[in-house]
Amino acid sequence: MTEITSTDIQLKKSSAAWLRIMSRLYDPSLWLGERAGMRRRRKELLRTAVGRVVEIGAGTGLNVPHYPGGIAELVLVEPEPAMRRRLERRLQRHMRVARIVDAPAERLPLPDASVDTVVSTLVLCTVDDPERALREIARVLRPDGRLLFIEHVRAESKLLAAWQDRFFEPWRRFGGGCHCNRATVELMRTCGFEITAESAAWRAMPPIVRPLAVGQAMR
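Residues numbered from 1 in each chain as written. Predicted model: local features only at pLDDT ≥ 70, side-chain atom pairs only at ≥ 80, totals over all residues. Heavy atoms only, no water.

Caption draft 1: Focus on the pattern of salt bridges. Tallied over the full model, the rule gives twelve salt bridges. E44 is the partner of R40 in a salt bridge, and the nearest nitrogen-oxygen pair spans 3.4 Å. In this pair, R40 and E44 are both assigned in helix α1 (residues 13–46), four residues apart and thus about one turn of the helix distant. Between E136 and R139 there is a salt bridge; the shortest N-O distance is 2.7 Å. Residue E136 and its partner R139 are both found in helix α3 (residues 130–140); the two are separated by three residues, about one turn of the helix. Through salt bridges that share partners, R52, E73 and R99 make up one connected network. (Salt bridge = Lys/Arg side-chain N within 4 Å of Asp/Glu carboxyl O. Helix = DSSP H or I, 4+ residues; strand = E, 2+ residues; numbered from the N terminus.)

Right under this line is the structure:
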């Protein structure tokens, strides 16, 4: 059973049209990357999720099959309608019970200190205001709660970082707002998170989104 709740979100018509197209292309475009290691990373990360779990930017639900069966509740936050429709179908296909919430990561309709685990996979690169999103995550997490994340980040290589800067605007337009050069781990630290993470590579994907940070963060 899936429950869907909504908040009032206005999108520009051009952006909304492209996001509808992206919802159809998203899974096929990530297929090679999933087979080349991302699926395994998702599974390893999510097996540590416990209690009440909230995933921001749940998209089409690529994480859904990897959540452990013993979690108390699964809440999937996704602001894009076309993505939510595909997310609901994936839940039904995998016979998972979850609540789908129509909201951006910057405005989570959840009480303070009410969540044990927040999950973010390839999301913080895309949110309009990452600092506000991270403050919201900190707000809803319990004192001992954790943020589990896989994010593509700004490259440590100066050469690759320069290419990320050069292709930032065309990639942002193509990728539905994705900031390929965002220093997400540094933003987490600035927002008061203690981080345990490792660097990795998103194999079989374009070089400008290949550098990954994988790990967990606590308030």
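Further notes follow.
Caption draft 2: Quick peek at the packing of aromatic side chains. Counted under the stated rule, the structure contains two aromatic pairs. Seen from their ring centres, W163 and F167 are 5.5 Å apart, and the 20° between their planes marks the pair as stacked. Judged by its relative accessible area of 37%, F167 is partly exposed. Both rings, one in W171 and one in F174, keep their centres 5.5 Å apart while their planes meet at 50°; by these two values the pair is tilted. Highlighted residues: W171 and F174, both in helix α5 (residues 168–174), separated by three residues, approximately one helical turn. (Phe/Tyr/Trp six-rings, centres within 6.5 Å; stacked < 30°, edge-to-face > 60°. Buried < 20%, exposed > 50% of the residue type's maximum accessible area, 1.4 Å probe, protein only.)

Caption draft 3: Main features of the environment of R40. Judged by relative accessible area, R40 falls into the partly exposed class, the value being 42%. Sequence separation between R40 and T60 is 20 residues; the distance between their C-alpha atoms is 17 Å.

Caption draft 4: Summary view of the nonpolar core. In this structure, V53, Y67, L74, L76, W202, V209 and L212 are the most contacted members of the largest nonpolar core, which totals 34 residues. Looking at this core, the elements with two or more residues in it are α1, β3 (73–77), α2 (81–93), β4 (98–102), β6 (141–152) and β8 (211–218). Take this core: its biggest share by element is five residues, from α1. Ignoring sequence-local partners within four residues, the contact set of L76 consists of E55, A58, V64, L87, L91, A98, R99, I100 and V101. I56, L108, A138 and A217 belong to the second-largest nonpolar core, a separate cluster that totals 30 residues. (Core = buried A, V, L, I, M, F, W, Y, C linked by side-chain atoms within 4.5 Å. Contact = heavy atoms within 4.5 Å.)

Caption draft 5: Fine view of the pairing of strand β5 (residues 115–121). When you tally the buried positions in β5, you get six out of seven residues, the bulk of the element. Relative to β5, strand β2 (residues 52–56) runs parallel, the two being bridged by three bridges. Each bridged residue has a counterpart across the sheet, and for V54 the counterpart in β5 is V118. Across six bridges, β5 lies against β6 in parallel orientation. Of the residues in β6, the one forming a bridge with V118 is L147. Regarding topology, α3 serves as the crossover connection from β5 to the parallel β6, and that connection is right-handed. (Pairing = 2+ DSSP bridges. Right-handed = clockwise from strand over helix to strand, strands pointing away.)

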